[in-house]
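Remarks on the overall topology
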Amino acid sequence: MKKVYLDNASTTQIRPEVIQEMTKVMTEDFGNPSSTHGFGRNAKSVLELSRKTIAKNLNASAQEIIFTSCGTEANNWILRSAVKDLKVERIITSKIEHHAVLYTAQALQKEFDIQLDYVAIKPNGEIDITDLVELLSQGHKTLVSLMHVNNEIGTVLDLERVGVICKEHNALFHSDTVQSIGKTELDLQKLNVDFIVASAHKFHGPKGIGFAFVRKNSGLQPLFFGGEQEKGMRAGTEAVHQIAGIAKALEFSYANLNAERNHISELRRYLIETLEVEFPAFSINGVSDGFYNMVNVLLPFSDEKTAMILFHLDMKGIAVSRGSACQSGSIKASHVLAEMLSMEDLKKPSLRISFSHYNSKEDVDLLINALKSI
Ligand code: PLP
């Protein structure tokens, strides 16, 4: 049975070249980058070359890239230090952010008594920019935290526009770019963004490594205290092999971006076209022209079929993600879809199907056939 992995917004397969690079570093460059001897200097050189590679691909300067253990850590760090050290009195975010931002903002509200405002979401899942402007006209030292590509429905924020709006209103701007880094071009010299974050496992790198881009002279302070690693901004011995892995993964993603984006966009188009033929009553959650690597669909299945759908797909070796999961009392509905769908639609099965360049049209056919056989 061919296994079909269509859950690439959740995590991705590591590129063989990345594994090769990491294995080389683990074997040959195992020194501690803080050591002054040759072993240490080798490791330090891997570390700093990786930082430069990442900075170059995003048009940032190397000193603005700080390695973290994951995207969650980077988001937590930025939000917390913005409140604690930069004296932000208000966070504007949205109810459809990843929990790494949403729960952090809510925890900070309780802990520091800051104001927390949620920008309105349009029925198609896009951020209502007019409402953002309205909120920003209310004074207070503010951090706006809005994600670039939504990890459940693939809606895309206009980073350029929001960056300009934030600048006009003297607000700091953080964007969770975990779903877009490596999958679309980002020019950090052009964008008015103060902080963004990345996670390697979303772009064919290893799990357990990410980074924050922290604009020069931002004043951000560390979350952890300990050694002088990452210029004191993130204490703890650097995971050199992981860092070499994230740099190699990003480099490859950008080197192959056009070809892989075309291939993936074609798969998404083919999936939607085939659904239109096989399940004409299906609908797309969010905008139909969302980010090219994913689509969240609401399927017109009866109640009894809804309960079985993921189990059935799994039995056939097909991995997709649940868009909503209200059929079972034990599973919570997606907080993102809950902002957009009626109660009735929330009870129907929604699936998030997300592609990588490793997928083919055959994978789409297998998924469709499996859905038809339920
Ligand atoms: N932000 C977004 C938008 C994500 O999709 C994810 C991963 O699911 C994260 C943050 C968390 O990243 P990590 O798994 O590196 O902690």
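Residues numbered from 1 in each chain as written. Predicted model: local features only at pLDDT ≥ 70, side-chain atom pairs only at ≥ 80, totals over all residues. Heavy atoms only, no water.

A short note on the overall build of the chain
Counted only if it meets this: Going along the chain from the N terminus, every DSSP run of H or I of four or more residues is numbered as a helix, and every run of E of two or more is numbered as a strand. For a compact globule the rule gives 2.2 Å times the number of residues to the power 0.38, and the radius of gyration it is set against comes from C-alpha atoms. Burial here depends on accessible area, computed with a 1.4 Å probe over protein chains only, as a share of the maximum for the residue type. Under 20% is buried, over 50% is exposed, and the range in between is partly exposed. The Shrake-Rupley method, run with a 1.4 Å probe, gives the accessible areas here. Residue values count only the displayed protein chains as cover.
Helix and strand content of the chain: 13 helices and 13 strands. Computed over the C-alpha atoms, the radius of gyration of the chain is 21 Å, within 12% of the 21 Å expected from 2.2 N^0.38 for a compact globule of 374 residues. C-alpha extents for the chain along the principal axes are approximately 65 × 55 × 35 Å. By residue count, 55% of the 374 residues in the chain fall in the buried class. Within the structure as shown, the chain displays about 16,300 Å² of accessible surface, and the carbon and sulfur contribution to it stands at 51%.

Let's talk about the site of the ligand
Rules: Distances are taken per atom, and a residue is near a molecule or strand as soon as one of its heavy atoms is within 4 Å of it. Counting of polar contacts relies on pairs of N or O atoms within 3.5 Å, with two restrictions inside protein: one atom must be capable of donating a hydrogen and the other of accepting it, and residues adjacent in sequence are counted only when both atoms are side-chain atoms.
Every residue close to the ligand is listed here: C70, G71, T72, H98, M147, N151, D176, V178, Q179, S199, H201 and K202. At 2.6 Å from an oxygen atom of the ligand is found a side-chain nitrogen or oxygen belonging to S199. Out of a free accessible area of 390 Å², the ligand has 87% covered by protein chains.

What to know about the packing of helix 8 (residues 257-278) against helix 13 (residues 361-372)
Counted only if it meets this: For helices, the fitted axis covers only the stretch in contact; all axes are lines through C-alpha atoms, and the angles between them, taken along N-to-C directions, range from 0 to 180 degrees. Angles are sorted into four bins: roughly parallel if under 35 degrees, roughly antiparallel if over 145, roughly perpendicular if 65 to 115, and oblique for all others. Handedness of a crossing follows from how the near helix is turned relative to the far one, being left-handed for an anticlockwise turn of less than a right angle and right-handed for a clockwise one. We call two residues contacting when some pair of their heavy atoms lies within 4.5 Å. Each residue is assigned to one of three groups, with Ala, Val, Leu, Ile, Met, Phe, Trp, Tyr, Cys and Pro labelled nonpolar, Asp, Glu, Lys and Arg labelled charged, and all others, Gly among them, labelled polar.
Where helix 8 contacts helix 13, the two axes come as close as 10 Å, and the packing angle between them is 25°. As the angle between them shows, helix 8 and helix 13 are arranged roughly parallel. Along this stretch, helix 8 crosses helix 13, giving a crossing that reads as right-handed. Facing E266, L267, Y270, L271, T274, L275 and E278 of helix 8, the residues of helix 13 in contact are K361, V364, D365, L367, I368 and K372. Taken together, the residues of the contact of helix 8 with helix 13 sort by class into 7 nonpolar, 1 polar and 5 charged.

Quick notes on the nonpolar core
This is how it is decided: Here, nonpolar core means buried Ala, Val, Leu, Ile, Met, Phe, Trp, Tyr and Cys residues that are tied together by side-chain atoms lying within 4.5 Å of each other. Domains are outlined according to an automatic or database domain assignment.
Counting 85 residues, the largest nonpolar core has I353 and L371 as the members making the most contacts within it. Counting residues per element, this core draws most heavily on helix 8, which supplies 7 residues. Each of domain 1 (4-12 + 257-373) and domain 2 (16-255) gives at least three residues to this core. Filtering out sequence-adjacent residues up to four positions away, I353 remains in contact with L6, L271, N293, M294, V295, V297, V320 and L367. Formed by 24 residues, the second largest nonpolar core is a distinct cluster that contains V83, V88, F195 and V214.

Read these as geometric descriptors, not functional statements.
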